[in-house]
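# A structural walkthrough
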Amino acid sequence: MKVLWVALGLSLAASVVHARGLEYQPRLDRDKLSQGATVLLDFRTDWCIACARHASIIDTLKEQNPALRAAITYIVVDYDTYGESGMAEKRRVTQNGTLLLLRGSRELGRVEGAVMNDSAIKELLELSLD
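### Comments concerning the packing of helix α3 (residues 49-64) against helix α7 (residues 118-126)
- Two elements in contact, α3 and α7, have axes separated by 10 Å at closest approach and are oriented at 55°. Looking at the two axes, α3 sits oblique to α7. In the packing of α3 onto α7, the handedness of the crossing is right-handed. Touching Arg 53, His 54, Ile 57, Ile 58 and Leu 61 of α3 are Asp 118, Ile 121, Lys 122 and Leu 125, all from α7.
- Considering only residue class, the contact of α3 with α7 consists of five nonpolar, one polar and three charged.

### Thoughts on the environment of Glu 84
- Mapped onto the elements of the fold, Glu 84 is located in the loop between α5 (79-82) and α6 (86-90).
- Accessibility expressed as a relative area gives 81% for Glu 84, which makes it exposed.
- Residues Glu 84 and Gln 95, eleven residues apart in the sequence, show an inter-C-alpha distance of 9.6 Å.

### With respect to the packing of aromatic side chains
- Within the structure shown, the criterion is met by one aromatic pair.
- Their ring planes at 85° and their centres at 4.7 Å tell us that Tyr 24 and Tyr 82 sit as a pair that is edge-to-face. Residue Tyr 24 is found in the loop between β1 (22-23) and α2 (28-34), and its partner Tyr 82 is found in helix α5; the two are separated by 58 residues along the sequence.
- The class for Tyr 82 is buried, based on a relative accessible area of 18%.
- When the ring centre of Tyr 74 is taken as reference, the NZ or CZ atom of Lys 62 above it lies at 4.0 Å.

### Describing the sheet that holds strand β2 (residues 38-44)
- In spatial order, the strands read β1-β3-β2-β4-β5; together these five strands make up an open sheet with mixed pairing. Strand pairing shows two members of the sheet lacking a second neighbour, β1 and β5 (106-112), which therefore form its edges.
- Strand contacts of α3: β2, β3 (72-78) and β4 (98-103), with the helix running at about 150° to β2, the strand carrying the most contacts.
- Where α7 meets the sheet, it contacts β2, β3, β4 and β5, and its direction lies at approximately 170° from that of β5.

### Description of the pattern of salt bridges
- For the coordinates displayed, the defined rule picks out eight salt bridges.
- Between Arg 27 and Asp 31 there is a salt bridge, with its nearest N and O atoms 3.9 Å apart.
- With a relative accessible area of 44%, Arg 27 lands in the partly exposed category.
- A cluster of three or more residues bridged by salt bridges with shared partners is formed by Arg 92, Glu 107, Arg 110 and Glu 112.

The rules behind each value
Residues numbered from 1 in each chain as written. Predicted model: local features only at pLDDT ≥ 70, side-chain atom pairs only at ≥ 80, totals over all residues. Heavy atoms only, no water. Axes fitted to C-alpha atoms, helices over the stretch in contact; angles between N-to-C directions. Helix = DSSP H or I, 4+ residues; strand = E, 2+ residues; numbered from the N terminus. Parallel < 35°, antiparallel > 145°, perpendicular 65-115°, else oblique. Left-handed = near helix turned anticlockwise from the far one by under 90°. Contact = heavy atoms within 4.5 Å. Nonpolar A, V, L, I, M, F, W, Y, C, P; charged D, E, K, R; others polar. Buried < 20%, exposed > 50% of the residue type's maximum accessible area, 1.4 Å probe, protein only. Phe/Tyr/Trp six-rings, centres within 6.5 Å; stacked < 30°, edge-to-face > 60°. Lys NZ or Arg CZ within 6 Å of the ring centre and 35° of its normal. Pairing = 2+ DSSP bridges. Salt bridge = Lys/Arg side-chain N within 4 Å of Asp/Glu carboxyl O.

In C-alpha cells:
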C-alpha cells in the first residue's frame, strides 16, 4: 500500500510540473527556439503572489483555447536562480513576474510586473497564433 501512495505522490508531482510548463535549465530556451518552437519564458518565483496569479490566468487561457496549449512551449524560469544570469540579461529581464514570448530570434512581446491583468496576458499569448 505504501508503494501505491508513493507512486501516486510522484504522479501528482509530475503533473504539477507539467501543468506549470517545463522547468528552465541552461540552453533549454535556445534549444526549443532552434527547433522552431514559440516559447513563453515565465520568470517567476514560488513566493511571488502575483506570479501565482499569472500562472492561474495562463492555465485558464490554455483550458479555454487549446490552440494556445499547442502553439506555445511554456518554460518556467526561477527568477531567484536565473534572474541575474546571462540569459536574463541578454533578454533584458530585470524583474520577477515577467512573461516573454519568443519565436526564432524575435521577441514577439512581453508583459512585466505585478500589474499584469487577464487581458494583457491573453493578448500576449494570442501573438503566438499569428
